[in-house]
Amino acid sequence: MNRVLNFSAGPSGLPLSVLERARDEFLDYHGLGFNIMEVSHRGKVYETMHNEIIANIKGLYNLDDDYAVLFLQGGGHMQFAQVPLNLYIGGEAQYANTGVWTKKAIKDAGILGINYRITASSEDSNFDHIPSDAGFSSDADYCYICSNNTIYGTQYKNLPNTHGAPLVVDSSSDLFSREIDFKAKHIGVFWGGAQKNAGPAGVSVVIIRKDLLDRVEYNEENTPAPMRHKAPFASHVPTILRYKVQAEANSLANTPPTYSIYLLGLVIEWIKEQGGLKAINAINEQKAELLYKAIDESSFFKAHARADSRSLMNVSFTSPSPELDALFVKEAENEGMIGLKGHRLLGGLRASIYNAVSLENVKTLVSFMSEFERKNG
Ligand SMILES: *Cc1c(COP(=O)(O)O)cnc(C)c1O
């Protein structure tokens, strides 16, 4: 078997033991003679698995019953719309703009015609850092951030202060990578597509504080007159786009992506075996430190992100020229390392070092980099 070293940004590599277990269970799940994807999402076998995964996610993030864990479809892009549709109540939504993914969320806020404000931005310096002050205020309907900017390689070291307003976190590319104190950070919605750091494409993990579920139900019939301004979408949010509907149905309001959820569940179990989020984060820190050190100590490679904002997940960097970047990608592929081409909007190189990438894998990359520099520097 010839497995590559996978530095892809997403979909990305999965832990080998997860793939092996999926292979072993492919024809015969738990001795039952079927693949889990071949049975009803309303049956006991599926539902037991589904609930176990939810319990494991709650365990990893230390969530109490104030939070619901949902499995939704439509990817990250669906959340750009679902967040304002469900959380906006006629006040002001606040967005910190730190890259392409927040710009897309802001664009959808504009399409929906809500009152929003960009309270902080790093666009002037090509998103090379996280603004030191997000500028959020306590009276916001919600405050929106992207915790890890997959393209530019920046990440919030600490989630910003909302002064009590609900914080919405797009954690697509650092989901399950570190511990998060949901209560202390006033997290209202915390979500990510599984395909970056937690499994295959097709399912998003959406964690929502239950008191926010009712916001979608304000309408002229059930809302007292002085509150009517709080009903911008009134009763016009389609059923399947309501978090509340999926929360009440335990994410089984429609057929969920059962096989993606199964694989997500295997990844969650793997994270538990590694010692949970604290242990995973410790390894992630070691990996990132090694790679940034190699970049900083070379006069050949250069990191895009400012030192104070560097992502532990996506390391965006360049060699001295686009031609050398292209050669780097090609020669790395010859050595069995894939996914190192930078995003088309930023160019250059990018190594995504998600949970499934080991310290050994990063060491291999670092020695390849120093050899490449020696030959081409
Ligand atoms: C990939 C990504 C998205 C978009 O996810 P889709 O599932 O492709 O819609 C959103 N936000 C961030 C931070 C991402 O990395």
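Going by an unreviewed UniProt entry, the protein carries the name Phosphoserine aminotransferase and comes from Campylobacter magnus. The UniProt entry for the protein carries this comment under Subcellular location (unreviewed entry): "Cytoplasm". As recorded by UniProt, the Sequence similarities (unreviewed entry) comment attached to the protein reads in full: "Belongs to the class-V pyridoxal-phosphate-dependent aminotransferase family. SerC subfamily."

Let's shift gears to the overall build of the protein. Summing up its helical and strand segments, the protein has 10 helices and 14 strands in all. In terms of overall size, the protein behaves like a compact globule, its C-alpha atoms giving a radius of gyration of 21 Å where 377 residues would be expected to give roughly 21 Å. Each of the three principal axes of the protein carries a C-alpha extent, and together these read 75 × 55 × 30 Å. By residue count, 55% of the 377 residues in the protein fall in the buried class. Sequence-distant contacts, at least 24 apart, represent 69% of the contacts inside the protein between residues at least 6 apart. Working note: accessible area of the protein is about 16,200 Å², and carbon and sulfur atoms make up 50% of it. A gap of 2 Å separates the mean positions of the 36 positive and 43 negative side-chain charges of the protein.

Here, UniProt's "binding site: pyridoxal 5'-phosphate" (unreviewed entry) annotation points to W101, T150, D170, Q195, N254 and T255. Spanning 155 residues, the named residues are also spread out in space, since their farthest C-alpha pair is 30.3 Å apart. Taking the annotated residues in turn, W101, T150, D170 and Q195 line the largest pocket. Position of Q195 among the secondary structure elements: in helix 5 (residues 194-197). Within the element layout of this structure, T255 appears in the loop between helix 6 (243-248) and helix 7 (258-273).

Here we take up the nonpolar core. The biggest cluster of nonpolar side chains holds 53 residues, and the ones touching the most others in it are Y61, F71, F176 and I207. Setting aside its immediate chain neighbours within four residues, Y61 contacts L175, F176, R178, I180, F182, F190, I207 and L277. In terms of nonpolar packing, the next biggest core, distinct from the first, is built from 31 residues, L5, F300, A303 and L312 among them.

The strands that make up a sheet are held in pairs by hydrogen bonds between backbone atoms, and each pair lies either parallel or antiparallel. With mixed pairing, the seven strands of this open sheet are ordered in space as 2-10-9-8-5-3-4. Every other strand in the sheet has two partners, leaving strand 2 (67-72) and strand 4 (116-121) as the edge strands with one partner each. Here the average twist between neighbouring strands, direction ignored, is 20°. Alignment of strand 5 (residues 142-146) against strand 8 (residues 167-170), held across four bridges, turns out to be parallel. Counterpart to Y144 in the pairing with strand 8 is V168.

Surveying the vicinity of the ligand reveals 13 residues, the closest of which are H77, T150, D170, Q195 and K196. In this structure, an oxygen atom belonging to the ligand sits 3.5 Å away from a side-chain N or O atom of W101. The contact in question runs from a nitrogen atom of the ligand to an N or O atom on the side chain of D170, over 2.6 Å. Across the complex, the protein chains shield 87% of the 390 Å² of accessible surface that the ligand would expose by itself.

Moving on: the layout of surface pockets. By volume, the largest pocket amounts to about 300 Å³. Domain assignment of the residues forming the lining of the largest pocket places at least three in each of domain 1 (17-271) and domain 2 (276-376).

Mapped onto the fold, N148 is located in strand 6 (residues 148-149). There is a polar contact of 2.6 Å between the side chain of N148 and the side chain of S311. In terms of polar contacts, N148 uses its side chain to reach the side chain of N314, at 2.7 Å. Once you skip the residues sitting within four places of it in the chain, N148 turns out to touch T154, Q155, D170, S173, D174, S311, M313 and N314.

Turning to the pattern of salt bridges, a few remarks are in order. Under the counting rule described, the total for this entry stands at 19 salt bridges. Several salt bridges share partner residues, and in doing so they unite D214, E217, K244 and E248 into one network.

Conventions adopted
Residues numbered from 1 in each chain as written. Predicted model: local features only at pLDDT ≥ 70, side-chain atom pairs only at ≥ 80, totals over all residues. Heavy atoms only, no water. UniProt positions renumbered as here; feature names shortened; annotations may be inferred. Helix = DSSP H or I, 4+ residues; strand = E, 2+ residues; numbered from the N terminus. Rg over C-alpha atoms; globule rule 2.2 N^0.38 Å. Buried < 20%, exposed > 50% of the residue type's maximum accessible area, 1.4 Å probe, protein only. Contact = heavy atoms within 4.5 Å. Areas by Shrake-Rupley, 256 points an atom, 1.4 Å probe, with all protein chains shown as cover. Lys, Arg positive; Asp, Glu negative; His and termini not counted. Charge placed at Lys NZ, Arg CZ, Asp CG, Glu CD. 1 Å grid on protein atoms, 1.4 Å probe; cavity = no way out; pocket = protein on both sides within 12 Å on 5 of 7 lines; lining within 4 Å. Core = buried A, V, L, I, M, F, W, Y, C linked by side-chain atoms within 4.5 Å. Pairing = 2+ DSSP bridges. Axes fitted to C-alpha atoms, helices over the stretch in contact; angles between N-to-C directions. Near = heavy atom within 4 Å. Polar contact = N/O pair within 3.5 Å; in protein donor to acceptor, adjacent residues only side chain to side chain. Points joined across faces, edges and corners; volume = space filled by probe spheres on them. Domains from an automatic or database assignment. Salt bridge = Lys/Arg side-chain N within 4 Å of Asp/Glu carboxyl O.

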